[in-house]
2 protein chains.
Amino acid sequence: MPTPEADPVRPLQLGVDRGSPVPLYFQLAQQLEAAIEDGTLTPGSLLGNEIDLAGRLGLSRPTVRQAIQSLVDKGLLVRRRGVGTQVVHSQVKRPLELSSLYDDLETAGQRPSTRVLARDLVPASAEVAAALGVAEGAEVQRLERLRLAHGEPMAYLRNHLPVGLLALEEDRLEATGLYRLMRAAGITLHSARQSVGARAADGPEGEQLDESEGAPLLTMRRTTFDDTGRPVEHGSHLYRASRYSFEFQLLVRP
Amino acid sequence: MPTPEADPVRPLQLGVDRGSPVPLYFQLAQQLEAAIEDGTLTPGSLLGNEIDLAGRLGLSRPTVRQAIQSLVDKGLLVRRRGVGTQVVHSQVKRPLELSSLYDDLETAGQRPSTRVLARDLVPASAEVAAALGVAEGAEVQRLERLRLAHGEPMAYLRNHLPVGLLALEEDRLEATGLYRLMRAAGITLHSARQSVGARAADGPEGEQLDESEGAPLLTMRRTTFDDTGRPVEHGSHLYRASRYSFEFQLLVRP
DNA sequence: CAGTGGTCTAGACCACTGG
DNA sequence: CAGTGGTCTAGACCACTGT
């Protein structure tokens, strides 16, 4: 067996700008990522050892390691002790953003729109209370929307939010997604816990979504947290299975 | 508004064993994680600054930072410049492992079992070829199994693997999950790309799964990659929606 | 302003891999 | 055995936060 794809760095132009406010490790990471994306660094190729790379760039080894580590975390590089650092073999697409259905549809060129069905204060059910960390029966904001693409219904969205977190203005809700409103309000979304299942539509649900009774629906419950770990939203949504599926990526943490 | 929950470290017993082969930063991270889990470090409490912590433990600051950073990556801590490091407010459960249905069921005490329906070599379909990175029509290993819990069918599992990757012995397939076999064979699973949807069962599917025709089924397609980015498995599975849903966590990468 | 985390340096020794 | 990444140290300066 030949040695693993020997292919040290060649026409690879690396260099950092010490005048820039962008951290050096980040500049390096960006350049490496770009080189991987555009094929200058081919899958399987070795990166050359950290010490040389640091010397060539005029950086210290920890700084170079920080850049490399960030790409390892993204799944673009693999490190093996005694071997070296190589580019992964197949381009593993990056994990999906925590995005809203609205953004997903817009990205896909589907011309999304929203019809607000309800927007009021209600007492929290047991499920909502547990998700948002409030007392059962305490007031929470409720939001029910129908999401359409090309004028056709795609999903029935029901959300609950802590009171006072966000001003929900109807015209803005119809023009964009909930997550974008949150980000615009200075909320840093951090993580979400989701549960995806399926069930048959009952009569009224089917009518709202233009499906017949008994048609399969995708169900999604999601609680979203900000960067301090506080829950900022709980959703319980129904999607037409004929029109929508969830795509996502799992990463194994070593 | 009072200052954020003031609560410096008090009865927290930290200390590292320099004789241990376990890295110092890892020892510290484990102790902090345990303190968060058992409530010694309460949500919102501040950790005290890194310099002090390092001095108190006889470690350097970078080592302490490495420990803290690993917990930030896990979503257990939040750092804010000028403020400090605090424990997140709600316990965000850790992201799910890349686990097999078999393990999930076993963990839930559901006594899983497996019936192997097919185990042979077949030409790759377009979908399988694209997922595994082989030519269309090239030979791949096929595996079809019925997964049961308490003797009741839960899912119909169809997998395709590159030839020669793994010896699939029927008795071992019936006693455990595919992922555990892979790990035992020295394959390091790294990431997976998934797509989850729903559709109605057709006649034969319903019969296999003990559901009537038209019953909602959860569908899952998944391609799994090892740590070099090479695809090691592609699955196309059907789950009884009445018995199963997917739980997972999304993390936003800053 | 004082205090925090964010970045960076220039070394060191160790553990593992491969030939 | 030589070469790699993994870990660790003891400093330094900067950027941001709150009062």
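As annotated in an unreviewed UniProt entry, chain A is GntR family transcriptional regulator from Streptomyces uncialis.

(A) Structural view of the overall build of chain A. On a plain count of helices and strands, chain A comes out with 8 helices and 9 strands. For chain A, the residues scored as buried account for 49% of the 254 residues in total. Sequence-distant contacts in chain A: of pairs separated by 6 or more residues, those separated by 24 or more amount to 58%. For chain A, the computed accessible surface area is about 12,500 Å², with 50% contributed by carbon and sulfur atoms.

(B) Expanded view of the packing of aromatic side chains. Counted according to the given criterion, the structure contains 8 aromatic pairs over all chains. Seen in terms of ring centroids, B:Tyr244 and B:Phe246 are 5.3 Å apart; in terms of plane orientation they differ by 90°. Their pairing is edge-to-face. Among the aromatic residues, those joined into a cluster by ring pairs are A:Tyr239, A:Tyr244 and A:Phe246.

(C) View of the protein's contact with DNA strand D. Not every one of the 25 residues close to DNA strand D is listed here, only the nearest: A:Gly82, B:Arg18, B:Leu24, B:Ser60 and B:Thr63. A share of 65% of the atoms of DNA strand D within 4 Å of the protein falls on sugar and phosphate groups. Contact between DNA strand D and A:Gly82: a base oxygen at 3.2 Å from a main-chain N or O atom of the residue. Among the secondary structure elements, those contributing two or more residues to the surface near DNA strand D are α3 (61-73), β1 (77-80) and β2 (84-87) of chain A together with α1 (24-37) and α3 (61-74) of chain B. Broken down by element, the residue count for the surface near DNA strand D peaks at 3 residues, all from α3(B). Across the surface near DNA strand D, the residue classes break down as 7 nonpolar, 9 polar and 9 charged.

(D) Inspection of the protein's contact with DNA strand C at higher detail. In the vicinity of DNA strand C lie 25 residues, with A:Arg18, A:Leu24, A:Ser60, A:Thr63 and B:Gly82 positioned nearest. Here the atoms of DNA strand C within 4 Å of the protein split so that 66% fall in sugar or phosphate, with bases taking the remainder. A:Arg81 is positioned with one of its side-chain polar atoms (N or O) 3.2 Å from a sugar or linking oxygen of DNA strand C. At 3.1 Å, a backbone N or O of B:Glu50 approaches a phosphate oxygen of DNA strand C. Contributions of two or more residues to the surface near DNA strand C are made by α1 (24-37) and α3 of chain A together with α3, β1 (77-80) and β2 (84-87) of chain B.

(E) Structural view of unusual backbone geometry. All names here are of chain A. Within the chain, arginine 111 stands out as a residue other than glycine whose phi angle is a positive 50°. Looking at the element boundaries, arginine 111 is found in the loop between α4 (101-107) and β3 (112-123). Arginine 111 sits in the exposed class, given a relative accessible area of 63%.

(F) Geometry of the packing of α1(B) against α3(B). Residues and elements named next belong to chain B. Look at α1 against α3: their axes get within 8 Å of each other, and the N-to-C directions meet at 50°. The pairing of α1 with α3 is recorded here as oblique in orientation. In terms of crossing hand, the pair formed by α1 and α3 is right-handed. Two secondary-structure elements touch here, α1 through Leu24, Tyr25, Leu28, Ala29, Leu32 and Glu33 and α3 through Thr63, Val64, Gln66, Ala67, Ser70, Leu71 and Lys74. When grouped by side-chain class, the residues that make up the contact of α1 with α3 number 8 nonpolar, 3 polar and 2 charged.

(G) Inspection of the nonpolar core at higher detail. The biggest cluster of nonpolar side chains holds 32 residues, and the ones touching the most others in it are A:Val196, A:Tyr239, A:Phe246, B:Val196, B:Tyr239 and B:Phe246. Those residues in contact with B:Phe246, other than ones at most four positions away along the chain, are A:Gln194, A:Ser195, A:Val196, B:Val196, B:Leu218, B:Met220 and B:Tyr239. Ranked by size, the runner-up nonpolar core spans 20 residues in total, among them B:Leu32, B:Leu47, B:Leu53 and B:Leu71.

(H) Region of interest: the environment of A:Ala135. All names here are of chain A. Its place among the elements puts alanine 135 in the loop between α5 (126-132) and β4 (139-149). Put simply, alanine 135 and serine 70 are 65 residues apart on the chain and 41 Å apart in space, counted from C-alpha to C-alpha. Not counting residues within four places of it along the chain, the set of residues in contact with alanine 135 comprises Ala124 and Ala129.

(I) Geometry of the domain arrangement of chain A. Partitioning chain A into domains gives domain 1 (1-93) and domain 2 (101-240). Just the C-alpha atoms count here: the centres of domain 1 of chain A and domain 2 of chain A sit 41 Å apart.

(J) Looking closely at α3(B). Residue and element names in this part refer to chain B. The first and last C-alpha atoms of α3 sit 20 Å apart over 14 residues, in line with the 20 Å expected at 1.5 Å per residue. For α3, the full list of buried residues reads Thr63, Val64, Ala67, Ile68, Leu71 and Val72. Where α3 is buried, its residues meet α1, α2 (50-57), β1 and β2. Downstream of α3 by one or two residues, glycine 75 has phi in the positive range, about 85°.

(K) Highlighting the pairing of strand β5 (residues 152-162) of chain B. Residue and element names in this part refer to chain B. The buried count for β5 comes to 9 of 11 residues, which makes it a mostly enclosed element. In this structure, strand β4 (residues 139-149) lies alongside β5, joined through 10 bridges in antiparallel fashion. Among the inter-strand pairings, glutamine 141 is bridged to a residue of β5, identified as leucine 161. If you look at the hairpin formed by β4 and β5, you'll find 2 residues sitting between the two strands, and histidine 150 has a positive phi there, around 55°. Sheet topology places β5 next to strand β8 (residues 231-240); 6 bridges connect them, and they run antiparallel. Within the sheet, the bridge partner assigned to alanine 155 lies in β8 and is tyrosine 239.

(L) Spatial organisation of the environment of A:Arg80. Considering the arrangement of structural elements, one finds A:Arg80 in strand β1. Here A:Arg80 falls in the partly exposed class, since its relative accessible area comes to 32%. Other than its neighbours up to four places away in sequence, A:Arg80 contacts A:Gln86, B:Asp227 and B:Thr228.

What counts and how
Residues numbered from 1 in each chain as written. Chains lettered and ligands numbered in written order. Predicted model: local features only at pLDDT ≥ 70, side-chain atom pairs only at ≥ 80, totals over all residues. Heavy atoms only, no water. Helix = DSSP H or I, 4+ residues; strand = E, 2+ residues; numbered from the N terminus. Buried < 20%, exposed > 50% of the residue type's maximum accessible area, 1.4 Å probe, protein only. Contact = heavy atoms within 4.5 Å. Areas by Shrake-Rupley, 256 points an atom, 1.4 Å probe, with all protein chains shown as cover. Phe/Tyr/Trp six-rings, centres within 6.5 Å; stacked < 30°, edge-to-face > 60°. Near = heavy atom within 4 Å. Polar contact = N/O pair within 3.5 Å; in protein donor to acceptor, adjacent residues only side chain to side chain. Nonpolar A, V, L, I, M, F, W, Y, C, P; charged D, E, K, R; others polar. Axes fitted to C-alpha atoms, helices over the stretch in contact; angles between N-to-C directions. Parallel < 35°, antiparallel > 145°, perpendicular 65-115°, else oblique. Left-handed = near helix turned anticlockwise from the far one by under 90°. Core = buried A, V, L, I, M, F, W, Y, C linked by side-chain atoms within 4.5 Å. Domains from an automatic or database assignment. Expected span 1.5 Å × (residues − 1). Pairing = 2+ DSSP bridges.

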